[in-house]
Amino acid sequence: MPPVPKRGLAFDFSGRSIIVTGGNRGIGRAITEACAGAGARVAIIYRGSKDAVDVAKQIAKENGVEVKAYQCDVSDAALVQNTFKKINEEMGPVTGLVANAGVSVVKPALEMTKEDFDKVYTVNVLGVFNAAQAAARLWVDSKYQGGSMVIVSSMSSQIINRVAQGKPLTQVFYNSSKAAVSNLVKGLASEWAQYNIRVNAVCPGYVDTDQTSGMEKSVRDHQAGGVPLGRFAHPHEMAPQTLLLLSDHASYMTGQEYFVDGGQLVY
Ligand code: NDP
């Protein structure tokens, strides 16, 4: 595993205020740490983790910036609107959004239910849309030009992974929800370009987080072997592309998906 810089990315986000959904754990936490390390104020949105407030305090202390945690279920549109307005008043003006919160249900398609569909799609698609719309409304209402949002999608928006003995990884709602998000990114980027709001997706490959920690070792080893770089990613390896897209260096980048997958999509 190569050394991974936690902070010190070459971005200056001082004076910026960024919302990261699911920013208390995994990939979202790594992005929160990188944004705070670049000098941004960060508002973490979490669903229910008991330690989210303490995580925010710790990141704030380590980086000398304001980081606060707000409990909010992203699938509740009204709650998301109100929470984003509150963040804008308390920590704003908000300049960037990372819509990262996501969930999966892993089981064979023959056993999937409507409850499984609702669980995945209300967070991965509706939740992403709710967050994007709430951020865009803040920017359009305040006539802020230059908002950037990054949606954390997945390489599974494009490919169906196969595990040992050639069997597919059984998460059809997750994969299809990420494909939906990819199209959402293009549609929102197209509609909101008139407000100079940029919308892009970062698509991780396998990343070591709670989402992948339940994998059987044989499956995990098989999957890592299928990655050209030969390993799962560290969550911090998702931060550089995300910060680039949030930054003014990406002022002509919108409506695109950027794969950070160790080369996996070449297969
Ligand atoms: P984790 O399972 O580690 O964390 C999920 C985060 O999302 C938590 O912070 C959780 O909050 C939050 N969350 C879940 N549901 C809601 C909700 N309804 N409202 C608000 N917050 C919610 O996820 P990862 O870090 O692994 O994944 C982050 C993103 O990256 C997801 O979109 C995932 O699909 C994507 N991804 C992950 C990959 C991987 O290999 N790990 C690969 C490709 C994409 P709380 O802690 O309060 O529950």
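- The name an unreviewed UniProt entry gives the protein is Ketoreductase domain-containing protein, with Rhodofomes roseus as the organism.
- Note on the protein: under the UniProt heading Sequence similarities (unreviewed entry), the record states "Belongs to the short-chain dehydrogenases/reductases (SDR) family."

Quick look at the overall build of the protein
Argument step 1. Counting its secondary structure elements, the protein contains nine helices and seven strands.
Argument step 2. A compact globule built from 267 residues would reach a C-alpha radius of gyration of about 18 Å, and the protein, at 18 Å, matches this within 12%.
Argument step 3. Considering only C-alpha atoms, the protein reaches an extent of 55 × 40 × 40 Å along its principal axes.
Argument step 4. Across the 267 residues in the protein, those meeting the buried criterion constitute 50%.

A few points about the sheet that holds strand β5 (residues 148-152)
Within a beta sheet, neighbouring strands are joined by backbone hydrogen bonds and run either parallel or antiparallel to one another.
Argument step 1. Taken in spatial order, the seven strands make up an open sheet running β3-β2-β1-β4-β5-β6-β7, and their pairing is parallel. At either end of the open sheet lies a strand with only one pairing partner, and these are β3 (67-71) and β7 (257-260). Neighbouring strand axes in the sheet, compared pairwise and without regard to direction, differ in orientation by 20° on average.
Argument step 2. In terms of strand pairing, strand β2 (residues 41-46) meets β3 through five bridges, oriented parallel. Each bridged residue has a counterpart across the sheet, and for I44 the counterpart in β3 is A69.

Thresholds, definitions, all that
- Residues numbered from 1 in each chain as written.
- Predicted model: local features only at pLDDT ≥ 70, side-chain atom pairs only at ≥ 80, totals over all residues.
- Heavy atoms only, no water.
- UniProt positions renumbered as here; feature names shortened; annotations may be inferred.
- Helix = DSSP H or I, 4+ residues; strand = E, 2+ residues; numbered from the N terminus.
- Rg over C-alpha atoms; globule rule 2.2 N^0.38 Å.
- Buried < 20%, exposed > 50% of the residue type's maximum accessible area, 1.4 Å probe, protein only.
- Pairing = 2+ DSSP bridges.
- Axes fitted to C-alpha atoms, helices over the stretch in contact; angles between N-to-C directions.

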